[in-house]
Each structure stands twice: as C-alpha cells, then as structure tokens.
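An overview of the molecular structure
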Amino acid sequence: SEVDVRALLPSGPEFDELSARLAAASVPYRRIPYWLETETVSTIGENGELSSLRAVPEVSALVDPAHPRSTWTDNWSAAAARDAFEMAWEAHAQPHETDWDKVAADEWVPVEWLPYLPFPTLNPAQAQAAPAVLNGRRHLVVVAPTGAGKTVIGMLAALTAIRADGRKAAWLVPQRSLTDELDRELAAWRKLGLRVERLSGEYAVDVPRLRDADLWVATTEKFESICRASSLRTALAQVACVVVDEIHLLGDTDRGPLLEALLARVRGADSPVRIVGLSATAANAEQVAEWLDAEPVRVRWRPTRLTWQLPVVPASGERKVDGANRTRLVTAITRRVTDDSGSVLVFCGTKRNVRTTALAIAADRGAPTDGVSTEDLPHLHRVCTSVGVGIHYKDWEHRHESERGFRERELDVLVATTTVAAGVNLPARAVVVRDTVIGRNELNVATVQQMFGRAGRIGAGETEGWAFLITDETEHAGWQAQLVAGYTIRSRIQGCLADHLLAEAAQGGIHTVTDAEQWWTRTLAYHQGTRGLDAVHSAVDLLIDGGYLAPLPQPDDTTILTVTDLGRITTRLMVPVLVGNELRTAFAAQTVPNNPDDAENVLGRLLATTVPDLAEAPVDEDQRPFVARLLRAGGRLERLDTTPPPPSLVTANACDPGDLAQVAFALVAHHPRQFIRHRRMIGGVAATILNPVLEQAPRYFGWLAAQGRLGTVHPWVAVVADDLGRRIRWRRLAPPRGAGRLLWICEQLATPLHVDTLVRELFAAARVRDVSNPDWPIGQTAPRGCQLDRGGYLALLRDRATDTTFTDALGQITVTCPNGAAVSVWAGPTHQVTTPSAGDAVSYPDTDSTQRGATVFTRRGDRRSHGWLATYDTISQHT
C-alpha cells in the first residue's frame, strides 16, 4: 500500500542534497529557516512493520547528537506530535505574504474619532472586529494573535462608550507595568481633551478626579477595590464599557477568581455595562463568550508568521548538567539567528539563569569572560554589552538602558526574566525560552504563548517569528500537547468562594442564601458544569461562623445576611477570609508578649508565615544566604554573623516560607533610617525584593489594627499592628517605634486626596518641632499643609484619644475617653470590649494574671493605652 511520507527540513545549504534526493523520490518536503527539531512521527515500526502511531524525537544535535532516542507510542503524545507537524506543515504551505490590504479607518470609524487612533488605517484584524465593536452593544470576546493590534480594538470600544454614549469606560490590565504602557499609548487622548486616569497599587485614589474621568486605566485588583469603595458608587454607575485585556487570565489561579467575580456581576444581555474581552491565547473563547452572553470574534490573521519548536535536551537528573545543556542550546540558537542579522529575546526562569546565560552568549561572541563572575554585576554588564548582549530583570540597574538598546538594535540579544513577556513591549525575530520553571513554579501554556508572541512583531520590521521552548525528554510530549491544544480557561473561583460572596454582600448584591445561590449560577464555574450548591452553602456558613456575616431571622421565616463591621473591614482591605481566620486563630493561641520587641517579633513572624502573599514572596538563589543571615540576627544589622557562604554552596531550602517578610519587617522596626534613601541593598538583601513585601503588608497590619475596636483580636495585636504597619507604609520617613499615632493624624490632616504628598511634609515638620504624638491643645492653629477646614480640624481633634485617662486601683480601671470610643481591657490572654460612659469603672477580666492593661480606640482610628502598650502612645525622646 502507499505510504504518505512528508518531511520538514532546515533551509541551510547542508540540506540541499537531501532535498534533491527527496524530490527525485517524489517525497513532499518543505524547508524552514532555523528548523531544529528532529522527530519522526510514523505508523511504521523500526523493522518496517505497520504499528500504532509513534513519535521518536531526538535530542538536539546542538547539545548531544549521540544521546539515545526516546520513543512515545501512547496515543496522546504521538497524536500531539502529529498535530504539531501538521501545524508547521500547513503554516509553510505558501511563502509568507508580507503585504496586506489596509482599510481606511473612516470606513468604520466616525471621522471625528480618527484623531484618537494611532493610524488612519485599520489592519485586517481591526477591520474584522470593528463592525462588532462599533455597530452593536453586545458583550464581545475578541481573540487575535499577539501583534495583531488588539489595543486599537480596545480603543474603539472605549470611544464608543465615551463619545457615542456619553458615559465612562474602564480598561483593565493584569499588571502595573501594563497600566504604564497603556497610559503612554493614550497620552494623545489627554491632548484631545479626554480625561484619562491611571489606577494601580502605587497611585493614590483622587476621588474627585476619578468621578470626572472619562476613562479609567486600572489593574483588575485596583478596579475591584474601587468597586468596594462606597464613595465611588455613583461614578461606577456611569461606566458603560469595561475593556478586559488578557481576559484569558480568568483561568489564572491568582488573578482569575477576582476577574471572574467582577465579570459575573456585570455579565448578561441586559447588563448596562458592556464587556469587551481581548486575548491572544484563549482556546475556549467561544465557551467564555457563551457564559458572558457575548459575541465571539476570532481573528486568524496575523501580520507575521510564527513558527514554534521544542528542541530537546537530555534529562540527566542533575541540575547543573541540565542547566549547562540548556545554556549551550540557547547559545547555539542565538548564534544561528544573529548570524543572519536577527535579534533574539531569551527568557530564563531565574535572575541567576539570566546572568549565566547572558555571560555564556557573550563568551560565544568572543567577549573576554575569563574570571568574570555572575555576581560581579558591573563587570558582567560591561562585558555583555560590549558584544551586544543586554540583561533585563526587575532589579537590574541597567534594565531601562537594555530596553532602549534592544529597541534601537544597539543590542541584538536581550536575556530576561518573564517580566518582559507580558509587560514591556520588546519584540524580536526569535524568542528562546530556556527554562520550563519560573522560580519554583512550572510555566503555564498561556505564559509560554505570551513569550512566543514577542517573536516576529511587525513594528520591529520582522515579518516572520521563530519561537523555541527548550524541553527535556520527560516533558517534551506534554508541552507539545499543551501548545497544540492551546490555553483552555478553567474557573478557579471555587477555592476562594467566601471572599467573593462577602464582597457581593458588602456591595448590596446578596442579602439571603437564595441570593448567594443565584449569584453562583452567574459564575463561569457554574457555566462550566460545577452546578452543585454545597460549596455556596459551605462558604456562607464559613462567613457566619467567622463573624463576617450575621444572620437576622425575619418574621416571614426568611433570614437576612447582614455584613458585620469585621466583614466590611475584611472585604474593603481585600483580606482573604481563610487567611483572616488563620491569623485570628494563630494570634488567639499566642502567649501575650511582655514587651514591644517580643510583640513585634511575634506579630511579624505570624503574619509572614500565615499570609500566602508574604510567605511565598520569591527569594532568588543568590539572595537566600543573606536573608538567612539576617533572620539569624533577628533583623538587627549589628548582630550579623560572619560573611554568608557563596550562593553556589547554599541549598534551595536555605530560606523557609516567610523568612523574607520577617526580615523586611524587622529591618523597618530596628533600622528605619536604612529606608530614607533608595538604597540598592540593605544588609546584603536587594531592596527590590524587600519592597514588594513591604508594599503588600500594610493592608494586613491595617486589618488587624482595625479589629481592636471590635474586640476580635487581643489589644496588643491591634496596637502593635497599627504602629508597625504605619511605620512600614511610611518607611521612607524613618519613623521610630511609637510614631504610629503621629502618622495617623498626619494622614487625617492631609486627607486621602493628598496623603501621598503631604504626610511626608507634615511628619517632617512635626519632628523638627519635637512633636512626638497628636496630643497638642485644641486651641493651637492647624499645622501648615492641613487640608481640613476649621470645622473639620476641630472635629478631628475632638476625635483623638488625647483626653483619655486611666486610673488603676483594686482590680478595676477607670477610663475617661472621648464619646463613642471603645475600651478594650485585658488581663493575660483574656480581653473584653466595652463602650463606657465618662468615669465608668471597668473591671479587669476575672483572671489571676498580673499582666494586664487597657486601650482606648476612637472612631477615627486613634488610640491610647495603659500598661506596656503605652510605649506606642508616643515617640520616645531617646529613640
């Protein structure tokens, strides 16, 4: 019988003879530049017999041509190999057409909108999507290849809401870096009179400006936090369109649930808010569109042709050998592309691998690398850039220089971590993904597709893109199957259902268990087949048992679910319910400390090890010995032991989860002056890995502090969390212990609108005058810079805890405090909260403990204490 034989060959001259022989034998073949894979997919066995489909890949000859082959005969891996071959075969059926018809934008876009667009023409992808965007009001899910111009499609959707409907639009992106990039692209809109406001974690919310804005550019997390702020409910009601960039992140474990809950709130045909989702990687976009009741628009056109391959390295089982093989293959691929005047973007899983790989490529290019250490960063930078190799990762000092050099082709190789994949737009002819693991986590197919999408961007003058994911023998088949299938979005919301039920209840969307059940039917999880209601009932029970919701029976035998003060604090600060429960349990089991040093150590340790965002903060291999050394010293620089061992001798487990966060908190507590200037290193640890932890932590400290008034945590927890949390937030001011109350009133005087700019001035002015707390006389003139009017200033002074007095006698404490203040009295681990009238005597809890005290918590957030917690009432003059 006839046998269908086809071959893909590299285009190099060394394959000319083989091509001629195949042609003479009438065997179809196609030649592809930079083709590296060597794999036989066949139903013919080794001895010529007919067999089941089998795939026989070989280790790349660039690494080890003598390595024995592996053979996969199982159905899924062999079928994936066959499908991958077919994709490459079909993609190269014809020469790639570099010319495409441009469509005049005014064929679809109103003439008066044209100045808002970057070009007067639309490409085929934009022209295909434009009718659905401009002529309808249905939700849309647009899937188009990377580089096809999805940003313009988002612009058209936003303009429809702003210019046609006279309402607002919101544009959601997954990362802060993307808010910066999009904000730059929309700079022309501001010049044309549109009010564009950027929202991300590092920017304060200017409520009046947000209310007046036409377009909000925000991370999903920041937009959801705005949704939970009652002060902006009116502005939110004016939003007519939400553009969701990277909507495939619905399937992301971390970001997906929040995005799903947000879209569940506004999905449906009758929604006043239109959803326009954009993605390059969603394999099941039609299913997501069906859930949203949206129109799917799948664009096949791509301005450049992308060819991906999975060259194989041996699986040795030894980390150093595997790493050396991967580096050797990356270097060989890079040489092939750059010898052909192409540019290469190399992705690595760790900063150490970035430096090692960049140095290897530089050596291959003839740079003098003998004696150059990957830890000697200035020398490494000079050597690599001298031969056109750039380095890029978050805390690399020269990353902006590398970006510029690569864009302008002063550098033709850029070696980077994955931050470049979805953030900075740096296209290249070829992309090489060195590692299938990022830190300790495996890559997912969506991230790989994002990386591949950087190859062959038309804006960089590249009409063809080449992408290589280096795999070992054990993972090749799995990756081949995933890339052939594409990224399938799966709901992740069930694991954090209580958080989103609480958020919906706080926003008025859920009042009863029946409401919760109906909300669940609107989720992607329900649409994808998770139809049972047990998870919803369990989440409601969890919220009630934890004190976040209070059930109120009604005369008609229904039960209303009311959000408690604890629930409102929890959802406003976006603290996960399960994490909150674990924290409260951990603190309840903790022996009450006797002094501030112990209290801050205990608080820092429990937060650092219990909160996943803090416990799982990544620590690079080269930073682990320094973090471990600081932890041994309790974060005190004067107690550091001998020089830490070199990173190469430190095991991957030298740091336990939470070690970095504990060190960061201790450095702020004991060495605040280290944070006055933007230092690169503190105690040997890079500030760039400390700062993300310190930026994330204050909301958890604030959550604990707010519970002092509620009595849901022990007073020592609330007081210490309040003080240390504010010192962490304002660490650039070098605030010492006891500065929390002074920082509190500075925040109140500045008002939320000016808090980021004025607190620094107010605190510095106070310290110059030896002011150490907010207890100055009411008759005193308001400090310069105060944004409150006279009435507001006087009201603030009346709401301080300044006039609090404690009289401790005969097992009772008499407290005089402002009206409406709560008094938490404690003895040992036992504590109770009351709201006494002036001069009332409050008994200590019935306990024999000699360790006792009391704290007054005011409505506005001030506090004063009796006992050792009084240390936090004022800045010590000896600090």
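Data block above holds the structure.
This report concerns the structure included in the present document.

Quick notes on the rules
- Residues numbered from 1 in each chain as written.
- Predicted model: local features only at pLDDT ≥ 70, side-chain atom pairs only at ≥ 80, totals over all residues.
- Heavy atoms only, no water.
- Axes fitted to C-alpha atoms, helices over the stretch in contact; angles between N-to-C directions.
- Helix = DSSP H or I, 4+ residues; strand = E, 2+ residues; numbered from the N terminus.
- Parallel < 35°, antiparallel > 145°, perpendicular 65-115°, else oblique.
- Left-handed = near helix turned anticlockwise from the far one by under 90°.
- Contact = heavy atoms within 4.5 Å.
- Nonpolar A, V, L, I, M, F, W, Y, C, P; charged D, E, K, R; others polar.
- Core = buried A, V, L, I, M, F, W, Y, C linked by side-chain atoms within 4.5 Å.
- Buried < 20%, exposed > 50% of the residue type's maximum accessible area, 1.4 Å probe, protein only.
- Pairing = 2+ DSSP bridges.
- Disulfide = S-S within 2.5 Å.
- Salt bridge = Lys/Arg side-chain N within 4 Å of Asp/Glu carboxyl O.

Closest axis-to-axis distance for the helix α27 (residues 624-632)/helix α28 (residues 659-670) pair is 9 Å, and the angle between their directions is 55°. Looking at the two axes, α27 sits oblique to α28. Like other packed secondary-structure pairs, α27 and α28 cross with a definite hand, here left-handed. Facing Val627, Leu630 and Leu631 of α27, the residues of α28 in contact are Asp659, Leu660, Gln662, Val663 and Leu667. Its residues placed into classes, the contact of α27 with α28 shows six nonpolar, one polar and one charged.

Leu501, Leu603, Leu607, Phe665 and Trp716 are the most contacted members of the largest nonpolar core, which totals 77 residues. Membership of the second largest hydrophobic core comes to 58 residues, among which are Ile226, Cys227, Leu263 and Ala455.

As a further point, take the sheet that holds strand β32 (residues 841-843). Across the sheet, which stays open at both edges, the three strands sit in the order β28-β29-β32 with antiparallel pairing between neighbours. Strands at the two margins of the open sheet, each flanked by one partner only, are β28 (805-809) and β32. Along the sheet, successive strands turn relative to each other by an average axial angle of 25°, direction set aside.

So, about the pairing of strand β30 (residues 822-827). In the case of a regular strand, side chains alternate between the two sheet surfaces. Summarising burial for β30: six of the six residues are buried, a large majority. What you see with β30 is no split at all: Ala822, Ser824 and Trp826 on one side and Val823, Val825 and Ala827 on the other are buried throughout. Pairing analysis gives six bridges linking β30 to strand β33 (residues 852-857), with the strands arranged antiparallel. In the strand pairing of β33, Ala822 is matched with Phe857. The pairing of β30 with strand β31 (residues 830-834) spans five bridges and is antiparallel.

Before going further, it helps to spend a moment on the sheet that holds strand β12 (residues 274-279). Here seven strands make up an open sheet; going across it, the order is β9-β10-β8-β11-β12-β7-β13 and the pairing parallel. Both outer strands of the open sheet, β9 (196-199) and β13 (294-298), are each paired with one neighbouring strand and no more. Pairwise comparison of adjacent strand axes, ignoring direction, gives a mean angle of 15° for this sheet. Pairing between strand β8 (residues 168-173) and strand β10 (residues 215-219): five bridges, direction parallel. Pairing of Val173 across the sheet is with Thr219, part of β10. Each of β7 (139-143), β8, β10, β11 (239-245) and β12 touches helix α4 (residues 150-164); the most contacted strand, β8, lies at about 155° to it. Where helix α11 (residues 285-292) meets the sheet, it contacts β7, β12 and β13, and its direction lies at approximately 160° from that of β13.

Counting through the fold element by element, Val5 comes out in the segment before β1 (7-10). Put simply, Val5 and Ser42 are 37 residues apart on the chain and 8.9 Å apart in space, counted from C-alpha to C-alpha. Among residues more than four places away in sequence, those in contact with Val5 are Val27 and Pro28.

Following the sequence through the fold, Gly495 ends up in the loop between α18 (476-485) and α19 (497-506). The sequence separation of Gly495 and Ala237 amounts to 258 residues, and the corresponding C-alpha distance is 29 Å.

A few words now on helix α14 (residues 377-386). Along α14, the residues that are buried comprise Leu380, His381, Val383 and Cys384. Tucked into the core, α14 has its buried residues touching α13 (351-364), β17 (389-392) and α15 (399-407).

Another point: the state of the cysteines. Under the criterion given, the structure shown has zero disulfides. Note on Cys227: no disulfide assigned, nearest cysteine sulfur contributed by Cys241 at a separation of 14 Å. With relative accessibility at 6%, the residue Cys227 sits in the buried group.

Its identity is not glycine, yet Asp293 carries a phi of approximately 60°, on the positive side. As for its position among the elements, Asp293 is in the loop between α11 and β13. Residue Ala734 is not a glycine yet carries a positive backbone phi of 55°. Taking the relative accessible area as the measure of exposure, Ala734 reaches 12% and is therefore buried.

One pass over the structure, following the stated rule, counts 44 salt bridges. Between Arg82 and Asp83 there is a salt bridge whose closest N-O contact spans 3.2 Å. Measuring nitrogen to oxygen at the nearest pair gives 3.0 Å for the salt bridge that ties Arg305 to Glu464. One end of the pair, Arg305, is in strand β14 (residues 305-309); the other, Glu464, is in strand β22 (residues 464-469), and 159 residues separate them in sequence. A relative accessible area of 12% means that Arg305 is categorised as buried.

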